[in-house]
Every structure is written in structure tokens, then in C-alpha cells.
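# Understanding the architecture of this molecule
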Amino acid sequence: MAGIDVQKVLKGKYPAKEHAKRVVEWMQRNKDGDGEVGGVLYLEGQKTKMIEDNDEAAPFRQRRYFYYLTGCDLPDAYYTYDINSAKSTLYIPPIDADSVIWSGLPLSEEEALSKYDVDAVLTTDQVNASLAHPRGSSPSSVWAIANQVSDHITFLEFSHKDFSLLKLAIEECRVVKDEYEIALTLHANAISTIAHTEVLRRVKRARNERELEAMFIERSIANGAREQAYHSIVASGTAAATLHYQKNSEGLEGKLNLLLDAGAEFGCYASDITRTFPISGTFSKESLAIYNIVLEMQTVCTNVLKEGVVWDDVHLKAHEIAIDGLLKLGILQGEKSDILKSRTSVAFFPHGLGHYLGMDTHDTGGHPNYEDKDSMFRYLRVRGKLPAGSIITVEPGIYFCRFIIEPYLRDPVHSAYINFETLNRYWEVGGVRIEDNILITRDGFENLTTAVKDVGEMGRIINGE
């Protein structure tokens, strides 16, 4: 994918028909029993929802299963795919004269056919007629997603109805990205880099976290990304030790660092980028030491990535590097092998190394095991081998969260490996996380994220040099 012309690729259509073909092939390989997968795939887009006790519509977010097979971001739309003929049909709302007064003319059938990668476009009042098979026809199947079929839709003519395999098929197929999906992710990353850089430029003059969040969103929208992939984490000082910090409103005065976890969304595809930097433009001695450990964790773990690498092993490597670094600083003490075996490093690095990225920030297909008895792997969102074409985040971190660490200090096994006196010098660091979006290739990887993480370059931007 090196040298991909993003703008050229994105001038084409989202490859919905190729996705439908891929999903049917997966279903064929993984269904129970003999025989071919036939019949109809059926999906519904997200409906327009009104805000409770209000005449305004709630913010719209398209269902990702529907989008994967249509590339259509319209509300109240439907989709069918005839497996035997490989014909896809998109159903869009007909013109509502009353709605036109307020919102203007909607997309026409002809315009939709030109815009989306489907074979036919009809209006939504024709869905049931299209699903009705003539009596006497051969038995057929319909494949849909449970709890995503409207009450007025009837599958009476189908002898077999399956509400589980289609969802699983789409989740698994979404793991491996095609060129168009990679281009969308690259563009989302490019916009996010502009926004991250703006926060660096402004952090020294900002008064509070919400100003920085506003700057990130403004730069995202101004550069074409109206939606955020997730709610930003703008955590200053010790708040950076809260993994999914939500306040984004506290003052910056007197605090050492800022952790910014923020990513724009473009064309329904997410970016997910974290940077940690000194608010003053210069890291404290303790902050720099932790930053360098986390940067080494990310660099080493990224450099081993390629098709077939077991993500569990990479996560373990991150912990080994963290232990080495914390031993060197004197925060941990004892034998590395004993610390690793006891899982004491989980007190400082409690989350997984990363997750798949796509239409969702925490994308599908990772097969996590949140019931894992091993605390080191319990929150790892991806398990097993990485396929070429997948996009995964690499986001190691080291955190000084009293709520998490203090129980370890009270535990006789863990406390033996932690030097409390040295630890006391690091509470104000809060937490450091560095996160990039990585495309897995057959022979290695490509880093899709270009936001600054070099200490010297970050300092120059913050200080206006």
C-alpha cells in the first residue's frame, strides 16, 4: 500500500459489491451443514430517531453492518442481496412533500444509483414486494441480523430464516481491509494529525482541557471530518492515569503533562491516535523517563509486526520492556522473571496493547476473552494471529493511578517488587500513552499515523520555535 494515492482512490465508489461477495464466501465456508448458501441477505440502515420529548432528530450514526454492504450513509434505508444472481438492491425513502419544505429534496433513485456501488435502487415502500417470492418457487433462505428487522417487514415466503450467521460473517470480513478502506483510514489519520498539531501549538496558552478539545474538533471539521471517531480524552496532570477520562474540563495550571487521545472519523472510518506531551514544552525528568519507556515499548512492538504474528506475544513483549524500564528507574525491584510471573507490571500497564481499527474504533473480529484468568491478557481486545490487511492500534502506556496501584502495595507478593519511596516521585506524571494506527502487511507493517511524537519536535511546536 506504500504510495497509495488517497484522493484518487476515494474518487471511486465504496466497494460494497465486493464486500457482499466476500461476506457470502465467508458464510459458505463457515456455515453448518452441506449445500450452498443461497437466498437473500437482508439489512436495514439506522432509523431516524427523535430526541425524547422534543421535535428534533437525535444525531444520526449509520449501522456499520449496513454500511459495509452498501457504503450508504442515508437514514431509514434498506438493502437486499440476491445471492444466486449476485444482485444488490438499495431502498431509499421516497420523497415526502412535507419533509422537503424543511430539509430540501432528498437523494433521488438515479442519484443514489450513481453514488453507491449497488445494482439497483428502489424506494422503501417496495421492500416487502421485493421480498415476496411467487408461490410454488423453490424453498429459499433469508439471512438477517437479530433485532435489526422492522416489525412491518415480513419473511413469510422464506422457508429458512437465519439471524446469526450474517452478523458474524460481516464482523470477520471487516478485519481485512481493501484499498478503499485503507485510503479512508489514511485520510482520517491525516486530518487528525492536523488537529493534534494544532493542540500542540495552543496548549501552552490554553487555560483548560475543554479549550483543547474544542481546537481538535474545529480543526477536524474544517478539514472535512465532521464526526469524531469517539469522544476525545483530554486529560491533564494526574487525570491521564484514568484510561477513559471523560471530564475534559479541568484547568491546566500547575500540571506537568497532557494526554490527548483523539481521532477524527472520515467516511465512517475511524482514526485513533494518542499523544502525551509536556504542557510547558519541556518534560520533567520523571515524565521524560516514563515517556522514553513507553516510546520504546511502542517502537519495538511495532517493528515485529507482520502477517501471522501472534498479538498475545507482542503484548507480552510490551510488558517485558515496561518491566525493564521500571526496574532501571527503581520503581520496580527484584528479578524480572519473578515480576513477569507475578503480573505486577499490570499495576502500571493494565490495558491491552491495542485493538483492530475500522468503522468502529474498537473494531470487530478481535476475539477477546474478558473472562481470562490471566490479568495480563484479560483486557487484550485482539487474540491470535494478525492477518495481512488488518489495521491495529499499537498503544502501550504506563500509568500512576492510585486506585489501581495501592491494592498492589497492600498485597505481600506484589509489594515486594515495588519500591514505594521511588514510586512517590512519579505520581504527578499521571500517565503516558502513545498510539499509532498500523496496517499489517505480508512482510511487515505500514504506520498510517504521522502525528508528531518525537520529544524534541513536540517541544519546538509547543514553544513556537
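Just so it is clear, the structure is predicted and the values come from calculations on it, not from any experiment.

Spatially, 3 strands are ordered β7-β10-β11 in an open sheet, and the strand pairing comes out antiparallel. Both outer strands of the open sheet, β7 (227–228) and β11 (269–270), are each paired with one neighbouring strand and no more. As defined by bridge partners, strand β10 (residues 264–266) adjoins β11 across 2 bridges and the pair is classed as antiparallel. Across the sheet, residue E265 finds its bridge partner in β11, namely A270.

Our next topic: the pattern of salt bridges. Applying the stated criterion to the full structure yields 24 salt bridges. With a shortest N-O distance of 3.8 Å, D363 and K177 are connected by a salt bridge. On the criterion of sequence distance, the pair formed by D363 in the loop between α12 (336–342) and β13 (391–394) and K177 in the loop between α7 (165–173) and α8 (179–202) is long-range, its members being 186 residues apart. Taking relative accessible area as the criterion, K177 reaches 6% and is therefore assigned buried. Across the pair E218 and R219 runs a salt bridge whose closest N-O atoms are separated by 2.8 Å. By relative accessible area, E218 is classed as partly exposed at 41%. Overall, the relative accessible area of 25% leaves R219 in the partly exposed class.

Our next topic: the domain arrangement of the protein chain. Segmenting the protein chain into domains produces domain 1 (6–175) and domain 2 (179–463). On the domain 2 side, the residues contacting the 18 residues of domain 1 number 23 residues. When the two sides are added together, the surface that domain 1 and domain 2 hide from each other amounts to roughly 1800 Å², 60% of it contributed by carbon and sulfur. The largest contributions to the domain 1 side of the interface with domain 2 come from R64, R174 and V175, which together make up 34% of the buried area. Linking domain 1 with domain 2 are 4 salt bridges. One can count 11 residue pairs in polar contact (both at pLDDT 80 or more) joining domain 1 with domain 2. Elements that contribute at least two residues to the side of domain 1 that touches domain 2 include exactly α1 (6–10), α2 (16–30), α3 (64–70) and α7. The greatest single-element share of the side of domain 1 that touches domain 2, amounting to 4 residues, is contributed by α1. When grouped by side-chain class, the residues that make up the side of domain 1 that touches domain 2 number 8 nonpolar, 3 polar and 7 charged.

About the criteria used
- Residues numbered from 1 in each chain as written.
- Predicted model: local features only at pLDDT ≥ 70, side-chain atom pairs only at ≥ 80, totals over all residues.
- Heavy atoms only, no water.
- Pairing = 2+ DSSP bridges.
- Helix = DSSP H or I, 4+ residues; strand = E, 2+ residues; numbered from the N terminus.
- Salt bridge = Lys/Arg side-chain N within 4 Å of Asp/Glu carboxyl O.
- Buried < 20%, exposed > 50% of the residue type's maximum accessible area, 1.4 Å probe, protein only.
- Domains from an automatic or database assignment.
- Contact = heavy atoms within 4.5 Å.
- Buried area = accessible area lost by both parts, 1.4 Å probe.
- Polar contact = N/O pair within 3.5 Å; in protein donor to acceptor, adjacent residues only side chain to side chain.
- Nonpolar A, V, L, I, M, F, W, Y, C, P; charged D, E, K, R; others polar.

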